[in-house]
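Examination of the molecular architecture
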Amino acid sequence: MSAEELTITEKSDKSISAETDTLNATGISCAEDEYSVVYERPHTLLDVNMHYCPGCAHSLVHKLIMEAVEELGIQENTIGVAPVGCAVFAYDYMDVDMQEAAHGRATAVATGIKRLMPDKYVFTYQGDGDLAAIGIAETIHTINRGENIMIVFINNAVYGMTSGQMAPTTLVGMKTTTSPFGRDTSVYGFPIKVSELISQLPGSFYVTRQAVNKNTAVRKTKKAILNALNYQKLNKGTCFIEIIGNCPSNWKMTPVESNNFIDEQMVKTFPLGDVKLPSAEDLKQLNQTGDKQPC
Ligand SMILES: Cc1ncc(C[n+]2csc(CCOP(=O)(O)OP(=O)(O)O)c2C)c(N)n1
Ligand code: SF4
Ligand SMILES: [Mg+2]
């Protein structure tokens with residue numbers, strides 16, 4: 001029996017052996033009906049150690065996507081496309097069919113997968129270097145074609161994996177390894193607001209910008225992911241979820257400082273909230289499918 005099972009005994013009507021009325025980690029006896037499971041890892045997330053730095057948003061967002069997959073009961077019908085960047089090993093953590101794509105090409109790969117298997121739920125998971133720099137052309141064309149996929153875009157304002165170079169989303173004045181005196185717009189241009197940009201394309205169906213730096217933000221992000229996966233049933237276009245992530249290592253901050261930095265600085269350039277929503281008519285159609293509708 002694992003430590004988790006020792007400390008939390010599931011309250012259910014199925015019979016539990018007397019062994020579960022046992023000692024918890026503090027040595028206190030816990031009767032089985034005194035405890036109920038209030039939190040557990042989704043079974044769609046593999047029980048392995050992740051390589052991410054402590055406090056990094058990537059691990060949390062992986063969990064939210066896998067929770068949504070589990071709740072919607074679509075594990076066998078979901079295919080993810082992993083990026084190049086810190087999330088390159090996403091396929092080692094998410095227990096769904098996964099395909100690795102070359103840097104920036106995830107939406108092109110996802111296009112092929114979805115067109116061949118239109119009944120599958122297909123998503124990409126990409127950083128800002130991947131999606132907004134080398135992959136900006138693929139991103140725009142995929143969305144312009146209205147490919148029926150979910151794109152999860154982690155905007156942490158730097159190239160995390162390669163040691164913190166400036167990304168298209170780096171804030172004005174922000175110091176990175178390739179802008180050591182701060183991003184100077186006369187040399188490097190302005191941060192690209194990808195959500196606002198692609199919301200202009202008729203092929204985008206649902207566009208939202210969220211964060212995971214505090215509890216309320218995490219809940220909204222989860223809801224956005226559930227929405228986007230559900231909307232694939234409508235075949236109306238691309239769902240795009242930008243998530244303001246952190247990179248404590250390259251921002252040279254503690255995890256707490258980096259989460260505060262999002263509220264204090266990142267949201268000034270990248271305001272949180274929905275950028276483009278489905279129409280009431282579209283949502284009505286979704287309800288008519290009779291499936292669970294999370295929004
Ligand atoms: C074709 C190609 N060009 C460049 C690289 C080097 N490279 C690897 S990851 C990366 C940037 C990743 O940054 P981002 O997409 O923002 O992901 P993060 O690590 O921040 O999550 C780059 C430039 C590569 N692997 N392949
Ligand atoms: S380098 Fe940054 S983005 Fe990459 S795992 Fe570490 S904190 Fe996360
Ligand atoms: Mg990045």
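Attention here is on the structure that accompanies the text. All values derive from a computational prediction rather than experimental measurement.

**Here we look at the site of ligand 2**
- In the vicinity of ligand 2, the contacting residues are Tyr 52, Cys 53, Cys 56, His 58, Cys 86, Asn 156, Gly 160, Met 161, Cys 247, Pro 248, Ser 249 and Asn 250.
- For the shell around ligand 2, the element with the most residues is helix α9 (residues 248-251), which contributes three residues.
- A breakdown of the residues in the shell around ligand 2 according to their chemical character gives seven nonpolar, five polar and no charged.

**Looking at the nonpolar core**
- One finds Val 152, Ile 241 and Ile 243 to be the most contacted residues of the largest nonpolar core, which totals 67 residues.
- In terms of residues, this core owes the most to one element, helix α2 (residues 57-72), which gives seven residues.
- Setting aside residues up to four positions removed in sequence, Val 152 forms contacts with Val 61, Ile 65, Phe 123, Thr 124, Tyr 125, Ile 241 and Ile 243.

**Thoughts on the sheet that holds strand β4 (residues 97-100)**
- Spatially, seven strands are ordered β4-β3-β5-β6-β10-β9-β11 in an open sheet, and the strand pairing comes out mixed. Of all strands in the sheet, those bounded by a partner on one side alone are β4 and β11 (273-276). Taken over all neighbouring pairs, the strand axes of this sheet differ in orientation by 20° on average, direction set aside.
- Two strands pair when backbone bridges link them, and strand β6 (residues 150-155) and strand β10 (residues 238-244) are joined in this way by six bridges, in the parallel orientation. Note on β10: the bridge partner recorded for Val 152 is Ile 241.

**Observations regarding the packing of helix α3 (residues 106-116) against helix α5 (residues 136-144)**
- Where α3 meets α5, the axes come as close as 8 Å, and the angle between the chain directions of the two elements is 35°. Contact residues: α3 offers Thr 107, Ala 108 and Thr 111, while α5 offers Glu 138, Thr 139 and Thr 142.
- Grouping the constituent residues of the contact of α3 with α5 by class yields one nonpolar, four polar and one charged.

**A closer look at the site of ligand 1**
- Residues in contact with ligand 1 amount to 18 residues; listed here are only the nearest, Gly 85, Cys 86, Gly 127, Gly 129 and Gly 160.
- Counting residues per element, the ones that place at least two in the shell around ligand 1 are α4 (128-134) and β7 (158-159).
- Per element, the largest residue contribution to the shell around ligand 1 is four residues, and it comes from α4.
- Class assignment of the residues belonging to the shell around ligand 1 gives a composition of nine nonpolar, seven polar and two charged.

**With respect to the environment of Arg 115**
- Within the secondary structure, Arg 115 sits in helix α3.
- According to the C-beta neighbour criterion, Arg 115 is partly exposed, with 13 such atoms within 10 Å.
- Remark: the alpha-carbon pair of Arg 115 and Glu 147, spanning 32 residues in sequence, is separated by 8.5 Å.

**Observations regarding helix α8 (residues 215-231)**
- The first and last C-alpha atoms of α8 sit 25 Å apart over 17 residues, in line with the 24 Å expected at 1.5 Å per residue.
- All of the buried residues along α8 are Thr 221, Lys 222, Ala 224, Ile 225, Leu 226, Asn 227, Ala 228, Leu 229, Asn 230 and Tyr 231.
- Looking at the buried residues of α8, the elements they touch are α2, β5 (121-127), β6, β9 (204-211), β10 and α11 (280-288).

**Remarks on unusual backbone geometry**
- With phi around 70°, Ala 157 is a residue other than glycine that occupies positive phi space.
- Here Ala 157 is to be found in the loop between β6 and β7.
- The exposure class assigned to Ala 157 is buried, which follows from the 29 C-beta atoms found within 10 Å.

**Some thoughts on the packing of α2 against α8**
- One can describe the packing of α2 onto α8 by two numbers: an axis separation of 9 Å at closest approach and a directional angle of 50°. Taken together, the axes of α2 and α8 are oblique relative to one another. Once α2 is placed against α8, the crossing between them reads as right-handed. Along the contact surface, α2 presents Leu 60, Leu 64, Ile 65, Glu 67, Ala 68 and Leu 72, while α8 presents Val 218, Thr 221, Lys 222, Ile 225, Leu 226 and Leu 229.
- Counted by class, the contact of α2 with α8 contains nine nonpolar, one polar and two charged residues.

Definitions and limits used
- Residues numbered from 1 in each chain as written.
- Chains lettered and ligands numbered in written order.
- Predicted model: local features only at pLDDT ≥ 70, side-chain atom pairs only at ≥ 80, totals over all residues.
- Near = placed C-beta within 6 Å.
- Helix = DSSP H or I, 4+ residues; strand = E, 2+ residues; numbered from the N terminus.
- Nonpolar A, V, L, I, M, F, W, Y, C, P; charged D, E, K, R; others polar.
- Core = buried A, V, L, I, M, F, W, Y, C linked by C-beta atoms within 7 Å.
- Buried ≥ 20, exposed ≤ 12 C-beta atoms within 10 Å, placed from the backbone.
- Contact = placed C-beta atoms within 7 Å.
- Pairing = 2+ DSSP bridges.
- Axes fitted to C-alpha atoms, helices over the stretch in contact; angles between N-to-C directions.
- Expected span 1.5 Å × (residues − 1).
- Parallel < 35°, antiparallel > 145°, perpendicular 65-115°, else oblique.
- Left-handed = near helix turned anticlockwise from the far one by under 90°.

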